[in-house]
Each structure stands twice: as structure tokens, then as C-alpha cells.
Amino acid sequence: MDAINDWENPALTNRNRLAARAYFMGYETAELAATYSRELSRGFVQLSGPWRFRLFGAPKAVPAELMSTYEADWDEVEVPHLWQIDGYGKLAYTDEGFPFPVEQPLVPSDDPTGVYQRIVTLPALTPGSREIIRFDGVESYAELYVNGTFIGMTKGSRLSAEFDVTEAVHEGDNLFVVKVLQYSDGTYIEDQDMWWASGIFRDVYLMERPAARLDDFRVRTHREGDVAHVTLDVATTAAERVVWAMADGGETVLEVEVADGHAEAAIEGARFWNPEDPHLYDMTIAVYGADGVSEVVPHRQGLAEVTIEGNQIFLNGTYFKMHGVNRHDCDDHKGRAVGLERMRRDLVLMKRHNINAVRTSHYADDPRFYELCDEYGIMVLAETDMESHGFENIGNIATVTDDPAWEAAYVDRIERLVMQERNHASIVAWSLGNESGYGCNIRAMYAKAKELDGRPVHYEEDRNADTVDIISTMYSRVSQMNDFGEHPGPKPRINCEYGHSMGNGPGGLSEYQEIFDRWDHIQGQFIWEWCDHGIAATTEDGRAYHMYGGDNGDYPNNGNFCIDGMVFPWQEPSPGLTEYKQVICPVRVAYDAGAGELSVTNKRWFTTLDDVRIAVETLVDGDPVATVEVVPGAVAPGETATFPVAIEAAAAGETLATARVYTVGAKPWCEAMYQIGAFQFAIADNPRPAIAVRAAMAPAVDEEGTALTVRTLGGSVVFDTVSGDIVSWTSCGRSVLAAPVRVGFWHPLVDNHQQEFDSIWQGNFLNVMQTSTRSVAWEREGNAVKVTVRQRIAPPVHAFGMHVELVYTVRPSGRIDLAVDGEPYGDYDDIIPRIGISFEVPGADRMVEWYGHGPGENYPDSLKANPVGHYRADVDDMFTPYVFPQDCANREGTRWVALRSSHGDGLLVTRPDDAARDPFSFSAWPYTCEDIDAARHVTDLVKRENITVNINDKILGLGSNSWGSEVLDSYRIRFERFGFEFSLRPLASADLTQALTKIEEA
């Protein structure tokens, strides 16, 4: 019988790895401890940095002598890293499928194996002290050798591992060697929808632990009114005395001797931790040996107690909701090798976007991440390193989850997480992992978590929470969530994943939020997910783009399914994140125009609105004319206050009011007067009087061959009498259009419509519909010329389509009113992407000005973050650089849009005067629809000479059906009878005022 390899033995979780403990550093003095700088801790040696490295094809191909012989001529890599990103081996991405044949616990014999070597110069150890090496992340199996001595091995890639190397090191130069295997039995439970990549991807460092030392500690809080009853339990070695102290702003609030490893104290008038006021006390544990203070251990301690009462969770006795995101470690240059500043930037962005919770999907994070969550005020659903999703492909996702032979591996992963992080106030619940089915090992994990800590435990695939404390679902539709609300279970409920943020979207978040707000026992929701997993790359000619599955020759792969975040790989918020920020804004504002009252509701859970100001801005036709400030004051959580605010409606024009909510002072995550939300209200829409003018003359008409020329004031319009196209339109000596008007039902596919494409559109060839012109006729009508074009727009293969009539009415001034009517035939009446027109304007007309929703991209089911106003932008700046190019740049609620050159001439699009307040949407790109649809990366897009303009009467909502909710019915459009009208007016100057005036041409 073959010997069992350590890396193919799930019952073996480690060799010689030290027991899990709280993450802390010991310092020689209280002054050094107060810095919280681990680099100043006792005996700290940073081993992150340059290591010698070589990649072998298999673990058994590594010569044994390399564990004891330094190879100075090997390549040098910078740890932390993933070796595939550094060019060793191949990056690969699958969502759930294992990248090798499934025969657990076996992995391929040709298992890529990296060997790291480093010479570390050490001083002599203080007698009685111990030298400890700590790895905060190595994927997926690691063996450690020091000076040729085998120290131990570890599994559990995203969990910290410590080894005692005291007996192997000596004063002077020491050879540290780490052998890392890409795959192990642990890989079967580390299939977490991310790049398959390996290496020492988090920090590695040495610590000297003194003879008299703290081995572990645990802090617990119980609240009674404004009194915090705090308990400390410690484990020590050779300690003669332990003193526990807590200070607040330099003032000591607690100082007690720890007897027999235990101490209790009460803090009167305590300031309890919460995400809105993340107050932390400076705690120290001073350990005394025979010669006095041996070490001082600092910890920033928040006072927090999480309890469940009935089917609700409470933090320090206060009800709350989690408005969260799922976060992977992700850096576009280093993959999962995420540095401290990247983590900090993530949390700052979350706070700036009103997010108060994060699920560490689907593994434990760097221990410093939890410290940052304590500091910034982010509640944590702390998930351990567990997912066996790939077994779904063989028909039983619970293959190893319900196999007792894997119990040790499962329990080890939750034990190490809880032991290390249980002192963090920010953690409101533990999570046993993700998408691994349900079985005996989940029950064993739960029992271990509850043994070690009292906080609630989550696991989504315990669907009815038979074992765990929280009922959880993912991607439940709005109607289903409301049904859950109407029929509450006996335990709290969350939606641990929803709002799939792949590409453009998600849409429909407002409707979800209405449900979350409505039902108290639904206590949290977590968007999937935080950041795109794109890896930065450049083309041969130096152009930047981001890679996804398949870009490295990896097969099988799941393509761009890893590009599914609310933050772009370069840590810039997407339009989806901007929308989420508004939807979950913790201050809600409404206006009663009849009563002249502004109501302000505090949707926070712990703090008043003392730190908030509201600027109420009055706009007329999109331009601000007046502003008044409202000071809400100490509005308590859940309460509403009203304030008299008089908003005067303009005698003519549309009057709107926008209430912008600001934080007054600077916070660790924002500057002073930072906007956290905006709400808009319609006040009045009073028509402007029309100006009657008499045209100089009716347009002259020339018909020659297939060209019909209509001559207007200062220009001409030429129609092709065969196709019905406008083949030329000039005004004041320049072209108005660069390509004809086309009626269309398609736009570039967005990720969130992929399932509709696969199931409905592709087979019906909606993306390649053909236009056939059946007739073109013209006539005079009063002082105008009317050209009627009848067309059939239909796909190949099938017997359905749309009979379309376009009526161009050319006015003497040069304005063209276009009326389009469509009558479907055949049996297709399902949803379609859009109904509208497209055309091109000259490339010089790239300055876009509009009155509608903005300034950012928005769609019918994703426009809360973009109030109506008067905006200007360059067409290039309006194009959203999605990693995978797709439809973008849409602006809803448009009253008018102008595309102009730097000289001010160009084209204005409105509804006809009699329908001027019937908004439409538009987008403008420096590419064609076909260009965007064909592109797979931004580097595939080459800017065109002309600008494509899309004017949409209706456009399909986004939804989140790349993996989630379909577009809600209220945002769907169908292939059915329609009719719309637009006016197209040439502009000859920079002044839009005259062009926008309602004119009745005699």
C-alpha cells in the first residue's frame, strides 16, 4: 500500500504548529506598547521581502538537500506574493470547478511546488525566551525547515500558523527554507470563486517571546445600563504577576491584578463600541517575571456584547441592521497578497459609501484587518477558510462536509479563526464557510465555535438554521424576501449574498432595501461582491487592461465571472457602489410641499444626527437658484423630526429641490462636509409661454435620382429615397449627423443580462436584426416637409419582427421632428434591451450637456444616486471603463441633451414641444455598439472618428441576473407596439437658451 502523503491526509492538519491564540505582540516597555507598532515589539524580525525562489513541477521533484543548502543563484521574489502573478506557472480562474480530477483527498502528482530560501541574521536569544515564526497566509500546504532541521508543516491557507524554531536557530546567519505546494487535500475545501494561485501571500515574521510571557488572552463584555462588566482570562508561562489595565484618552479606567488567570472589573459610564461610534479603549496586559516587567501586551479593546433575543440580534442591547458587502482580498497587481494600506483603503471606501458591515468571504483575513474594522467601525461576519463548492459538479456538494473523516480539517479551521480573533468588538457573528453543503462536519464546527465564544454562528447552507443561530439565504428575489418577512422564522435572518455586481449594475437595490427596512427580523444584507478580481496586465505595445479567466490559456475557466465587484480593480468606485451608497443612506429626507415641511429620519442605530447638516437646494430647470441649511440636531435613532422649509416654485419652468446630507466634521474616513446622501423632490412644473415666430419661407425641395434634398434656413437635409436614410444634414456649413438615424432594440450586452441573452435573445438573433425599407414618400404639410419611411426590422431565421414607420418632419428653421411607431408581427413578445434610435455625430461634437439624471451613469432601476440636474461632461469621461466592455453611459430622466463642439455648434435632442416633460434616456460613446459587443477588454476598443449617440424612449433595467435577481417587472420593456417622438435641432452657437425656447413655427 502506498504511503499517505501529508498533503493528501485530511485527518492531519499540521505537524508541530503551535496552538491557535489571540493575535498580539509583546513589548519591552509600556511606552513601546503604546505605539501599537509591531515592528517595535520584542524581537520582531520582518521576513517579508526578498527570498530566493525556485518552482518545481512536483513535491517529490524537490531535492532533499535544498532544505539545508542555500542557493544564491536562484531567482529573487518579493514576499508576500503569489508566484503565478510573478510569472511562475499559470494563473487560472474557475468559479467552482476544481482544476484537477476529483478523487479526494488526492491531488495531482505534478503538483507545482515552490521552494523559498532566505538567510536571516539573528542575535543571541535571551535565556529562557523562545523564537517564534509566524505565517499569516501560505497557500495551500507549507513545510518549514531551519538550518536543515524540519520544523513542521501546516494547512489552511488563509489562517495564521506559528512554529517554535528556538532549538533550530543560533546567533548569526540562519537558513530558513519553506516548501509550498499549490494543491493539497486542503484545496478540496478552499474552492472559493477566485484565482487559483499559490505562495507565501501574507506577511511572515519572527517574534521573540520572553521566559515570562502571555500565551493567550480573552476579553468578554456584559452591559448593564452604562456599566460595562468586563472579564479577562489569560494563559501565561512563568509569570509571577499579571496586571490588567484599560485607559480612555490617557485616563486609567481599570487596573487590576489577574489572579489564577482570571480577572473581572466594572467600568462605570462606559462608552460601548458600535459601528457609528467605534470607540476603543487602550488595554494593556503587563506580565511580570522574577526581574520585573517581562513584557507589555497592548490591545485596542472595544466594549461589545452580541446577544440574540427571539429572532433579533442586539449589539450592547441595541437593535441594528447590517448593510454590508462580501469582500475578497484583492489587489490588481498582487492578487490575494493584499497589503495593509490596501485593506485600509477598502474600509475607508466602505465607510464613505455608508456600508457598516463586511463578510470576509470566504476565508479569514489578515489579522490586522479585524483591527482596522474595530478602528473604523465596520461590523464583521467573520467567515473561516472553508468552501467545497467544486463537489457540486459531481452531484453532491456535501461530499466531504458530511464525511466524518474530514471532521478534523473542518473543526481546525473554525477553531483557529475564533481563537485568534475573538477579542475584536467588530465581530458580530462567526461564519462556518460557504457553499459546502450541510452535514456532520458543520455541526462539529458549530459546537467548537460555541465552545470558544458566545457570539452567533452563521452558515447559509444550514438552510433552516437547524444548527446555526442565523437563518441565511443568498440571491433571494425581492418577492421571496418579502415573503420571508411576512412569515418570520424563530431566528434572525440575513441575505448573505445578493445584488450580484458583475459589470454594469446591480439594479433593483431600492426595492430590496424597502423589504430590508420593512421587517425587523431581516437584519442584514451583503452585496456580492466588493472588488473585481482583475489582474493588471499590458499589451505588447504597452496598453493597460485587466485579466480574467481564460486570459492565461487556462482551461476550463469561468471567464469574467470574477469581475463582479462594486469597486474596480484599481479601487475606484463603480456606478453600482455609488447607487448602493444612496440606497442605504442612514439619513432619510422627505418633503411635504403642501405643508412646507422637511422631514428628517435617523436610520442609524446608535447615534443621533448632531453631526449632520442638510443643504436644501432649489433648482429651476436643473440650475440652482437658492439654498437653505437645515440643522437636524439630536434626532435619536429611529426618530423623525420636521422643519419648516419654504421652497418657492418658479413661475415658469420645472422647480425641483435637492436635499444633500453632509457630515459636519472630518472623520477618519472622510473630510469635513462630506456628502453621505442626496434626496430630490418635485415642487412644480409650470410651462413656459411659447414664442410664435414666422418662418422666412417653407423649405425648398429638390428631387434628383435617389436624393431628396430639403433646404432649410441655413442648411439642408438629404434623404435617400431607397433606404429612407438621412445621408446628409448640414447647418451653417457643417455636418449635423455623421451617420443615419436607425431604430434599434439592441444595445451592447451587459453581464447582468447574460442569462436573458443565453435563454431568449441569442436564439432569436435579437442582436443581429436586419432593417428592410419598404417605402419612402414625402409631402408638404403646412410650412414643413414630411418624409415617411416604412421599414421592417426583424432577425434572420425567424418569422417575427417589427413593422416600423418613421415620419421626419423638417421645419423651416432646420429642426427635424421624428415620430416613430412600431407594430410587431409574429409570436415574439418577450423582453428586449431597448426601444430607441441611434445615430452618429461628428467627432468634434464631444462636449455633452444635458438636463436629466446625473452626473453619473444611471438606469431605470439604478438612479437614486443621480438626482436630476443640468450637467456637462466630455463623451470620453462618460464612458465607464468596465473590465469587460458592455453597455454604459446611460442617463435617465433626460429632458434635453446637446452634443457640441468647442465652438458651441452641434445638435440638440428634445421631445417635441407638446411632450417636453416626457423624459427619455441617452448615451454617447466614442465607439459603435458593434465595437463594444465585440470587445473582451478595454484594449480591444479603438476610438472612432465619430460619436455614437443613442436616444432611448425606453431601456431595460439592469437587475442582477449575472447571478441573482432578474429585472423587476416594473423595469421591463417588451417587443410590442410602441410610439415615440423626438426633435433634433442643429445648434449654431454656444447659447442653448434660444434653442431650448418653446417655439411655435408659423
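Points about the overall build of the chain
Phase 1 of the analysis: Summing up its helical and strand segments, the chain has twelve helices and 65 strands in all.
Phase 2 of the analysis: In summary, the chain has a C-alpha radius of gyration of 33 Å against a globular reference of 30 Å for 1002 residues, a match within 12%.
Phase 3 of the analysis: Per-residue burial over the chain gives 63% buried out of 1002 residues.
Phase 4 of the analysis: By sequence separation, contacts in the chain at least 24 residues apart represent 72% of the contacts at least 6 residues apart.
Phase 5 of the analysis: If you sum the accessible surface of the chain, you get close to 36,300 Å²; carbon and sulfur atoms cover 48% of it.
Phase 6 of the analysis: Distance between charge centres in the chain, computed from 85 positive and 154 negative side chains, equals 3 Å.

Overview of helix 7 (residues 509-518)
Phase 1 of the analysis: With respect to burial, helix 7 is a largely interior element, seven of its ten residues being buried.
Phase 2 of the analysis: Buried within helix 7 are the following residues: L509, S510, E511, Y512, Q513, I515 and F516.
Phase 3 of the analysis: Buried residues in helix 7 make contact with strand 27 (322-326), helix 6 (478-486), strand 34 (493-498), strand 35 (522-527), helix 8 (575-583) and strand 38 (587-592).

Considering the pairing of strand 3 (residues 49-56)
Phase 1 of the analysis: The pairing of strand 3 with strand 4 (residues 75-79) spans five bridges and is classified as antiparallel. Along strand 4, the bridge assignment pairs R52 with E76.
Phase 2 of the analysis: In the sheet, strand 3 pairs with strand 6 (residues 113-122) via five bridges, with the strands oriented antiparallel. In the strand pairing of strand 6, L55 is matched with G114.

Topic: the sheet that holds strand 28 (residues 357-359)
Adjacent strands of a sheet form backbone hydrogen bonds with each other and so pair up, either parallel or antiparallel.
Phase 1 of the analysis: The strand order across the open sheet built from eight strands is 32-31-29-28-27-35-34-33, with neighbouring strands paired in parallel fashion. Strands at the two margins of the open sheet, each flanked by one partner only, are strand 32 (457-458) and strand 33 (471-474).
Phase 2 of the analysis: The sheet contacts of helix 8 involve strand 27, strand 34 and strand 35, and relative to strand 27 the element is tilted by about 165 degrees.

A word on the sheet that holds strand 17 (residues 213-224)
Phase 1 of the analysis: Within the open sheet, the three strands sit side by side as 17-18-21. Their pairing is antiparallel. Among the strands making up the open sheet, the edge pair consists of strand 17 and strand 21 (262-267). Averaged over all neighbouring strand pairs, the angle between strand axes comes to 20 degrees, with direction disregarded.
Phase 2 of the analysis: The pairing of strand 17 with strand 18 (residues 227-237) spans eleven bridges and is antiparallel. Paired with E224 across the strands is V227, a residue of strand 18.

A word on the pattern of salt bridges
A side chain with one charge may pair with a side chain of the opposite charge, provided their charged atoms come close.
Phase 1 of the analysis: On inspection of all chains with the given rule, the structure shows 69 salt bridges.
Phase 2 of the analysis: We note a salt bridge from R15 to D6, for which the minimum N-O separation is 2.7 Å.
Phase 3 of the analysis: We classify R15 as partly exposed; its relative accessible area is 36%.
Phase 4 of the analysis: For D6, a relative accessible area of 17% translates into the label buried.
Phase 5 of the analysis: Ionic pairing is found between R944 and D931, a salt bridge with its closest N-O pair at 2.8 Å. Taken as a pair, R944 in the loop between helix 11 (929-934) and strand 63 (947-955) and D931 in helix 11 lie far apart in primary sequence, 13 residues in all.
Phase 6 of the analysis: With relative accessibility at 18%, the residue D931 sits in the buried group.

Observations regarding unusual backbone geometry
Phase 1 of the analysis: In this structure, the amide linkage connecting Q104 to the following residue, P105, adopts the cis form with an omega of 5 degrees.
Phase 2 of the analysis: Along the chain, P105 turns up in the loop between strand 5 (92-94) and strand 6.
Phase 3 of the analysis: Backbone torsion omega between G854 and P855 reads 5 degrees, so that peptide bond is classified as cis.
Phase 4 of the analysis: Mapped onto the secondary structure, P855 falls in the loop between strand 57 (847-853) and strand 58 (868-874).

A short note on the side chain of E295
Phase 1 of the analysis: By the element assignment, E295 lies in strand 23 (residues 292-301).
Phase 2 of the analysis: Not counting the four nearest positions on each side in its chain, E295 is found in contact with G26, Y27, R209, P210, A212, R213, L214, I285, A286 and V287.

What about the nonpolar core?
Phase 1 of the analysis: Formed by 100 residues in total, the largest nonpolar core has its most connected members in L598 and I614.
Phase 2 of the analysis: Top element by residues in this core is helix 4 (residues 407-421). It accounts for six residues.
Phase 3 of the analysis: Those residues in contact with L598 that lie beyond four places of it in its chain are V589, A590, Y591, I614, V616, V630, A641, T642, F643, V645 and F681.
Phase 4 of the analysis: Residues V710, L749, F757 and C888 belong to the second largest nonpolar core, which totals 75 residues.

A word on the pairing of strand 39 (residues 597-602)
Within a regular beta strand, the side chains point alternately toward one face of the sheet and then the other, so they alternate between its two faces.
Phase 1 of the analysis: Among the six residues in strand 39, five count as buried, and that is most of the element.
Phase 2 of the analysis: The pairing of strand 39 with strand 42 (residues 640-644) spans five bridges and is classified as antiparallel. In the strand pairing of strand 42, S599 is matched with T642.

Digging into the packing of aromatic side chains
Phase 1 of the analysis: Under the definition given, this model contains 45 aromatic pairs.
Phase 2 of the analysis: Ring centres of Y183 and W196 lie 6.4 Å apart, and the angle between their planes is 70 degrees; on these two criteria the pair is classed as edge-to-face. Placement of Y183 in the loop between strand 12 (172-181) and strand 13 (190-191) and of W196 in strand 14 (residues 194-196) is noted, with a sequence separation of 13 residues between them.
Phase 3 of the analysis: According to the relative accessible area criterion, W196 is buried, its value standing at 5%.
Phase 4 of the analysis: One aromatic cluster is present, formed by F745, F800, Y828, F920, F975, F978, F980 and F982 through successive ring pairs.
Phase 5 of the analysis: Geometry around Y36 places R300 over its ring, the cationic atom sitting 5.9 Å from the centre.

Considerations on the side chain of N950
Phase 1 of the analysis: Within the secondary structure, N950 is located in strand 63.
Phase 2 of the analysis: For N950, a relative accessible area of 6% puts it in the buried group.
Phase 3 of the analysis: At a separation of 2.7 Å, a polar atom in the side chain of N950 contacts the side chain of S838.
Phase 4 of the analysis: Non-local contacts of N950, meaning those with residues more than four positions away in its chain, are made with R834, I837, S838, S921, F922, S923 and W925.

A look at the packing of helix 6 against helix 7
Helix packing geometry: the angle between the two helix axes and the distance between the axes.
Phase 1 of the analysis: Where helix 6 meets helix 7, the axes come as close as 9 Å, and the angle between the chain directions of the two elements is 5 degrees. Judged on the interaxial angle alone, helix 7 and helix 6 are roughly parallel. Each of V478, M481 and N482 in helix 6 lies in contact with helix 7, whose residues at this interface are E511, Y512, I515, F516 and R518.
Phase 2 of the analysis: Class assignment for the residues of the contact of helix 6 with helix 7 results in five nonpolar, one polar and two charged.

The rules behind each value
- Residues numbered from 1 in each chain as written.
- Predicted model: local features only at pLDDT ≥ 70, side-chain atom pairs only at ≥ 80, totals over all residues.
- Heavy atoms only, no water.
- Helix = DSSP H or I, 4+ residues; strand = E, 2+ residues; numbered from the N terminus.
- Rg over C-alpha atoms; globule rule 2.2 N^0.38 Å.
- Buried < 20%, exposed > 50% of the residue type's maximum accessible area, 1.4 Å probe, protein only.
- Contact = heavy atoms within 4.5 Å.
- Areas by Shrake-Rupley, 256 points an atom, 1.4 Å probe, with all protein chains shown as cover.
- Lys, Arg positive; Asp, Glu negative; His and termini not counted.
- Charge placed at Lys NZ, Arg CZ, Asp CG, Glu CD.
- Pairing = 2+ DSSP bridges.
- Axes fitted to C-alpha atoms, helices over the stretch in contact; angles between N-to-C directions.
- Salt bridge = Lys/Arg side-chain N within 4 Å of Asp/Glu carboxyl O.
- Core = buried A, V, L, I, M, F, W, Y, C linked by side-chain atoms within 4.5 Å.
- Phe/Tyr/Trp six-rings, centres within 6.5 Å; stacked < 30°, edge-to-face > 60°.
- Lys NZ or Arg CZ within 6 Å of the ring centre and 35° of its normal.
- Polar contact = N/O pair within 3.5 Å; in protein donor to acceptor, adjacent residues only side chain to side chain.
- Parallel < 35°, antiparallel > 145°, perpendicular 65-115°, else oblique.
- Nonpolar A, V, L, I, M, F, W, Y, C, P; charged D, E, K, R; others polar.

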